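Now for the letters of each chain:
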Protein chains: 2
Amino acid sequence: MTAYDIIAKKRDGGALSPAEIDFLVQGFVAGSVPDYQMAAWAMAVFFQGMNPRETGDLTMAMVRSGDQINLGSIPGRKVDKHSTGGVGDKTTLVLAPLVAAVGVTVAKMSGRGLGHTGGTLDKLEAIPGLRVNLTEDEFLTNVKNLNIAVVGQTGHLVPADKKLYALRDVTATVNSIPLIASSVMSKKIASGADGIVLDVKTGSGAFMKTTEAAQELAQAMVAIGAHVGRETVALVTDMDQPLGFAVGNALEVKEAIQTLQGAGPEDLTELCLTLGSEMMALAGMCEAAAQGKEILRRAIADGAAIAKFKAFVAAQGGDSKVVEDLTLLPQAKYVLPVLAEQSGFVHSIAAEEIGRCAMRLGAGRETKDSTLDLAVGVVLAKKRGDAVSAGDPLAYMHVNDSGKTSEVATMLKGAFAIGSDKPGEHALIYSRITIHGVENL
Amino acid sequence: MTAYDIIAKKRDGGALSPAEIDFLVQGFVAGSVPDYQMAAWAMAVFFQGMNPRETGDLTMAMVRSGDQINLGSIPGRKVDKHSTGGVGDKTTLVLAPLVAAVGVTVAKMSGRGLGHTGGTLDKLEAIPGLRVNLTEDEFLTNVKNLNIAVVGQTGHLVPADKKLYALRDVTATVNSIPLIASSVMSKKIASGADGIVLDVKTGSGAFMKTTEAAQELAQAMVAIGAHVGRETVALVTDMDQPLGFAVGNALEVKEAIQTLQGAGPEDLTELCLTLGSEMMALAGMCEAAAQGKEILRRAIADGAAIAKFKAFVAAQGGDSKVVEDLTLLPQAKYVLPVLAEQSGFVHSIAAEEIGRCAMRLGAGRETKDSTLDLAVGVVLAKKRGDAVSAGDPLAYMHVNDSGKTSEVATMLKGAFAIGSDKPGEHALIYSRITIHGVENL
């Protein structure tokens, strides 16, 4: 078996055997398969694809390339959630304590943000004192005692994915469904999840710009879950405008707290209830999603959700008084409105552009080595469908360095498309994908 | 401009600008574009192709990556010939002195063999004393005095092609028409040719297994020639069985000498006359190919061709007495016949397999570092269409090391397909391709 033959086979549209995939992946990690062969192979996969069996085998080969977290000491079914990433996507901040409050075990590894999308770890670190680098012992203890811990990736997890992703990133081979799907799923599987709920974003702020592409990715990931015995449900959800209003680390924490208190934005609340009910169903805690949603609504209403958030923050060293006093979160020096120049209705908000605005202000990383300003960001004042009069604020910039504000204000204004007629309704959740098929919602 | 964007553009089917192609090629040679990006790009080209303008630009970018031979001091139009490589293809050994004898300037750089195909330099070195590493002065002097010199590649010619070919060779991206075409043409152009005659082989012993693929490659190369102002004519010719009878270095020299004396195999003679007449036409020495062929036939008949060969051999330090005494060429210790086991007609001879047999006996290189035995090889006793009786020799193995003969004998026998009926005629030259189109012959 040689890497050359494997590349040629894929180039010519063949399906690779489990042994061939394993040879390539382990060889790549060990260094015996050089970058240039892996790059040629990835481009061949871009064009020829992989069937569900191959994609599953690739996923498991990557899982085997490193350590795997054993959550066996924690009773019950461990259900993880993954979002393909969006702008203002603070779902995990809400969802993790929410489902933990009703008894779902949340043993979660999250990531940092890059480019126009934020990362859960960065957002959590806006809470004074909160640590995301727990020891394995602390992590497991917190999960056992509180049902919840959220940490950065520990140990030597999925090194093949890390190395392959870095290579794909510089060889224009990121945008391949089987490669994206196996990358996401390998991390979830290595993290020890029994069940996986996927939030696949679609629209201008998402990696997948069309619902069809998002659905295809969702199906590929659900198929991997089936192939490797991890029950997986995916929702294709809207990222054509930012989720909620806040974009920026501390700003998003604040919005998440408000949502856990029952006073959050409608779209964020609805998405968290829906994803949460799917997690409950996979954990075997409810029959139908509707039933789960009702239980979660009650947990918000009776204060259980926000109480769990406080306990979680405290257990990871954070100052849980932020819940009562939001000013304990990092605050930007200036809050500057961006005003509408015309009247009408908001037809669309270019989500990726909003994310870039927040990044420019310091809320996100332009490169891996950028330092973040956790206080800054953008808070939308209007969302799609809202009426707007000339002179109304469209958004507020929370800034510390006033040098970039005029440039960002222009970008922000440009991100809003305003028309004279009221636009039609837009769905928040497009479809639900399981091994049984696609259910349009 | 970044390599990433160029890869992505080609991946998505875009046509690269001359500046983008130059950026990639010069960056690759300089090391600023790493192997893995070039490999991903080559695979994208494999799938998306390149239009004739891009292929021409790639060719010239590769030419510019290194030195270019200036043949300006030699009067007249310099016409080069290139074969895409085959088994028993000793065409250059015959053609170069043949056309030089009638006044065509032959300033030729040739290559060595690898795998199942032989190389002109190796074959020439079977002539005792002959040097292929002339200095530039010796080269130009011989061309001026004799109309002919054949050397190995000198100077820093087309380093981009050398580096890209080595990368394609290990990333399964060799088999791409625009990449093959630009590789061949860049070397011919950098070597200073004004006109180029291409012998594009097709069939079981050729790189291009089908006539359609060979024709496509021929058209791509002719288009490059037009794009860069070097008149180019291509012939698609048969390599479904070895050319002539001899396969192996000294054995092929012997057959070439016999051909120059008018006693060569019919197919080799005919091919050399046809290619030679095309070279004469490009050099402006005859109007129609038929006229050129007649002049060349006369040069063989009146001894001018073999006289030029002797002068050429002597001028490069070789022993020209080999022409009168073929036993001065390296001789193998044993000549072992391989006998037919059944009677009938030869339907086909797997040319690549014959090439491999010769390689196994030591006539070819399995890897770049193999040493050659110039004396050994295979001489066919039968060719396609010949009648054969059980017990007749099909071929002779010329060997020095008798260890591998039984294995090779079995391979040789297997390369002959013998049927009971006489097979139909097979063309030697399928088509002639110029910028004006394809002429089926």
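Residues numbered from 1 in each chain as written. Chains lettered and ligands numbered in written order. Predicted model: local features only at pLDDT ≥ 70, side-chain atom pairs only at ≥ 80, totals over all residues. Heavy atoms only, no water.

### So, the sheet that holds strand β12 (residues 416–419) of chain B
Residue and element names in this part refer to chain B.
At step 1: Taken in spatial order, the three strands make up an open sheet running β10-β8-β12, and their pairing is antiparallel. The strands lining the two open edges of the sheet, one partner per strand, are β10 (387–388) and β12.
At step 2: Across four bridges, strand β8 (residues 344–349) lies against β12 in antiparallel orientation. Counted as the bridge partner of Phe-345 is Gly-419 from β12.
At step 3: Across the sheet, helix α16 (residues 405–415) touches β8 and β12, and the angle it forms with β12 is around 45°. (Pairing = 2+ DSSP bridges. Helix = DSSP H or I, 4+ residues; strand = E, 2+ residues; numbered from the N terminus. Contact = heavy atoms within 4.5 Å. Axes fitted to C-alpha atoms, helices over the stretch in contact; angles between N-to-C directions.)

### Some points on the relation of the copies chain B and chain A
At step 1: When chain B is fitted to chain A, the residual RMSD is 0.1 Å, and the transformation amounts to a turn of 180° plus an axial shift of 0.0 Å. Both copies of the chain, as the preceding transformation shows, are related through a two-fold rotation axis. If distances are taken from each C-alpha of chain B to the rotation axis, the shortest is found for B:Tyr36, at 1.8 Å.
At step 2: An overlap of 100% is found between the interface residues of chain B and their copies at the interface of chain A, pointing to a shared contact surface. (Least-squares fit on C-alpha atoms with pLDDT ≥ 70 in both.)

### Quick look at the packing of helix α1 (residues 3–11) of chain A against helix α3 (residues 35–48) of chain A
Residue and element names in this part refer to chain A.
At step 1: At a closest axis distance of 8 Å, the pairing of α1 and α3 adopts a crossing angle of 15°. Classified by the angle their axes make, α1 and α3 are roughly parallel. When you trace α1 past α3, the crossing you get is left-handed. Contact residues: α1 offers Ala-3, Tyr-4, Ile-6, Ile-7, Lys-10 and Arg-11, while α3 offers Gln-37, Ala-40, Trp-41, Ala-44, Val-45 and Gln-48.
At step 2: Tallied by class, residues from the contact of α1 with α3 come to eight nonpolar, two polar and two charged. (Parallel < 35°, antiparallel > 145°, perpendicular 65-115°, else oblique. Left-handed = near helix turned anticlockwise from the far one by under 90°. Nonpolar A, V, L, I, M, F, W, Y, C, P; charged D, E, K, R; others polar.)

### Brief notes about the sheet that holds strand β4 (residues 195–202) of chain B
All names here are of chain B.
At step 1: The strand order across the open sheet built from five strands is β1-β4-β5-β13-β14, with neighbouring strands paired in mixed fashion. Here the strands that pair on one side only, and so sit at the sheet edges, are β1 (79–83) and β14 (437–440). Adjacent strand axes in the sheet meet at a mean angle of 20° when their direction is disregarded.
At step 2: Each of β1, β4 and β5 (231–238) touches helix α9 (residues 177–190); the most contacted strand, β4, lies at about 150° to it.
At step 3: Strands in contact with helix α12 (residues 266–282) are β1, β4, β5 and β13 (429–434); relative to β4, the strand with the most contacts, it is inclined by about 155°.

### So, helix α4 (residues 52–64) of chain B
All names here are of chain B.
At step 1: An ideal rise of 1.5 Å per residue puts 18 Å on 13 residues; α4 measures up with 18 Å between its terminal C-alpha atoms.
At step 2: Among the residues making up α4, those that are buried are Glu-54, Thr-55, Gly-56, Asp-57, Leu-58, Thr-59, Ala-61, Met-62 and Val-63.
At step 3: Packing partners of the buried residues in α4 comprise α1 (3–11), α2 (18–30), α3 (35–48), α8 (159–170), α9 and α10 (211–228).
At step 4: Of the residues flanking the start of α4, the one acting as N-cap is Asn-51, its side-chain oxygen 3.0 Å from the backbone nitrogen of Arg-53. (Expected span 1.5 Å × (residues − 1). Buried < 20%, exposed > 50% of the residue type's maximum accessible area, 1.4 Å probe, protein only. Polar contact = N/O pair within 3.5 Å; in protein donor to acceptor, adjacent residues only side chain to side chain.)

### Some points on the pairing of strand β5 (residues 231–238) of chain A
All names here are of chain A.
At step 1: Of all eight residues in β5, seven are buried, a share of seventy percent or more.
At step 2: As paired strands, strand β4 (residues 195–202) and β5 are joined by eight bridges and run parallel to one another. Residue pairing in the sheet places Thr-202 in a bridge with Asp-238 of β5.
At step 3: In the sheet, β5 pairs with strand β13 (residues 429–434) via four bridges, with the strands oriented antiparallel. Looking at β13, one finds that Val-236 is bridged to Ser-431.

### Looking at the side chain of B:Thr92
Residue and element names in this part refer to chain B.
At step 1: Within the secondary structure layout, Thr-92 lies in helix α5 (residues 91–101).
At step 2: A distance of 3.0 Å separates a polar atom in the side chain of Thr-92 from a polar atom in the side chain of Lys-81.
At step 3: For Thr-92, the residues in contact, after removing those within four places along its chain, are Lys-81, Pro-97, Lys-108, Ser-110 and Thr-120.

### Some words on the interface of chain B and chain A
At step 1: Each partner contributes residues to the interface: chain B has 21 residues there, and chain A has 21 residues.
At step 2: Together, the buried faces of chain B and chain A total about 1700 Å²; carbon and sulfur atoms form 76% of this surface.
At step 3: Three residues, B:Arg11, B:Tyr36 and B:Phe47, lead the burial of chain B against chain A; their summed loss comes to 34% of the area buried on that side.
At step 4: Taken together, the links from chain B to chain A amount to zero salt bridges.
At step 5: Taken together, the connections running from chain B to chain A amount to four residue pairs in polar contact (both at pLDDT 80 or more). (Buried area = accessible area lost by both parts, 1.4 Å probe. Salt bridge = Lys/Arg side-chain N within 4 Å of Asp/Glu carboxyl O.)

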